[in-house]
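A look at the structure
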Amino acid sequence: ENLLAVMLLIDSTIKPQQLDLECLEFLGENDIPVTVVFTKVDKKRKISAGKRARPEENVESFCREVSEYWEEMPPMIFTSAKSGDGKQSVLNHVATLRQFFKEGQRGSSKR
């Protein structure tokens, strides 16, 4: 009832995890607003001798799987702790949610 939104953190260096997909499905089924935050988008994880996984491939795979049960993809933010990419996007998103919450609080107190 008091939950405004969820920011679901997804490690982009690994293939889509069943738990992440199930969590996103649960949020959607329960009409809980969610933003997917992909982390480590600048890292490449070693998967075998001389071969590295590309985060963009994992993100694409995640989106393909999610699109099977979501009509419209939830908002997504791409971040990197190393370079700081996406930090401002996350902060702006949280500020927007906070403002939305404040306005909702003011509106409900007028009743």
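The following paragraphs examine the structure supplied in this document. Residue numbers here run from 1 along each chain, matching the order of that chain's written sequence. Local features in this predicted model are restricted to residues whose pLDDT is 70 or higher, and side-chain atom pairs enter the listing and the counts only when it is 80 or higher, whereas totals over whole chains, interfaces and linings include all residues. Calculated side-chain values reflect all of the structure's heavy atoms, with hydrogen atoms and water omitted.

1. As for the pattern of salt bridges
Opposite charge on two side chains permits pairing when their charged atoms draw close. Filter applied, for reference: Salt bridge, as used here, is a side-chain nitrogen of Lys or Arg placed within 4 Å of a carboxyl oxygen of Asp or Glu. Three exposure classes are used, based on accessible area relative to the maximum for each residue type with a 1.4 Å probe and protein chains only: buried under 20%, partly exposed in between, and exposed over 50%.
The full count for this structure, using the stated rule, is 3 salt bridges. Of the charged contacts in the structure, one is a salt bridge between E56 and R54, with a shortest N-O distance of 2.7 Å. Judged by relative accessible area, R54 falls into the partly exposed class, the value being 35%. Across the pair R54 and E57 runs a salt bridge, and its minimum N-O distance is 2.8 Å. Residue E57 is classed as partly exposed on the basis of its relative accessible area of 38%.

2. As for the packing of helix 1 (residues 18-29) against helix 2 (residues 55-67)
Relative orientation and spacing of two packed helices are given, respectively, by the angle between their axes and the distance between those axes. The following threshold applies: In this analysis, axes come from line fits to C-alpha atoms, helices being fitted only over the stretch in contact, and the angle between any two N-to-C directions falls in the range 0 to 180 degrees. Counting from the N terminus, the helices are DSSP H or I runs at least four residues long and the strands are E runs at least two residues long. To sort the angles, those under 35 degrees are grouped as roughly parallel, those over 145 as roughly antiparallel, those from 65 to 115 as roughly perpendicular, and the leftovers as oblique. The sense of a crossing depends on the near helix, which, turned anticlockwise from the far helix by less than a right angle, makes the crossing left-handed and, turned clockwise, makes it right-handed. The contact definition used throughout considers only heavy atoms, calling two residues in contact when any of these lie within 4.5 Å.
Look at helix 1 against helix 2: their axes get within 11 Å of each other, and the N-to-C directions meet at 45 degrees. Between helix 1 and helix 2, the interaxial angle falls into the category oblique. At the point where helix 1 passes helix 2, the crossing takes the right-handed sense. Note on element contacts: helix 2 touches helix 1 through F62, E65 and V66, opposite D20, L21 and L24.

3. Some remarks on the nonpolar core
Here is the rule: Side-chain atoms within 4.5 Å link the members of a nonpolar core, which is a set of buried Ala, Val, Leu, Ile, Met, Phe, Trp, Tyr and Cys residues.
Within the largest apolar cluster, 15 residues are counted, with the highest numbers of intra-cluster contacts made by I10, L24, V34, V36, F38, F62 and V66. Elements represented by at least two residues in this core include exactly strand 1 (6-11), helix 1, strand 2 (34-39) and helix 2. In contact with I10, other than residues within four places in its own chain, are D20, V36, V37, F38, T39 and F62.

4. Side note on unusual backbone geometry
Phi angles above zero are rare outside glycine, and D31 is one such case at about 55 degrees. Position of D31 relative to the elements: it lies in the loop between helix 1 and strand 2. For D31, a relative accessible area of 69% puts it in the exposed group. Positive phi is not limited to glycine here, since K40 has a value of about 60 degrees. Positionally, K40 belongs in the loop between strand 2 and strand 3 (45-48). K40 sits in the partly exposed class, given a relative accessible area of 32%.

Don't take any of this as a statement about function, it's just geometry.
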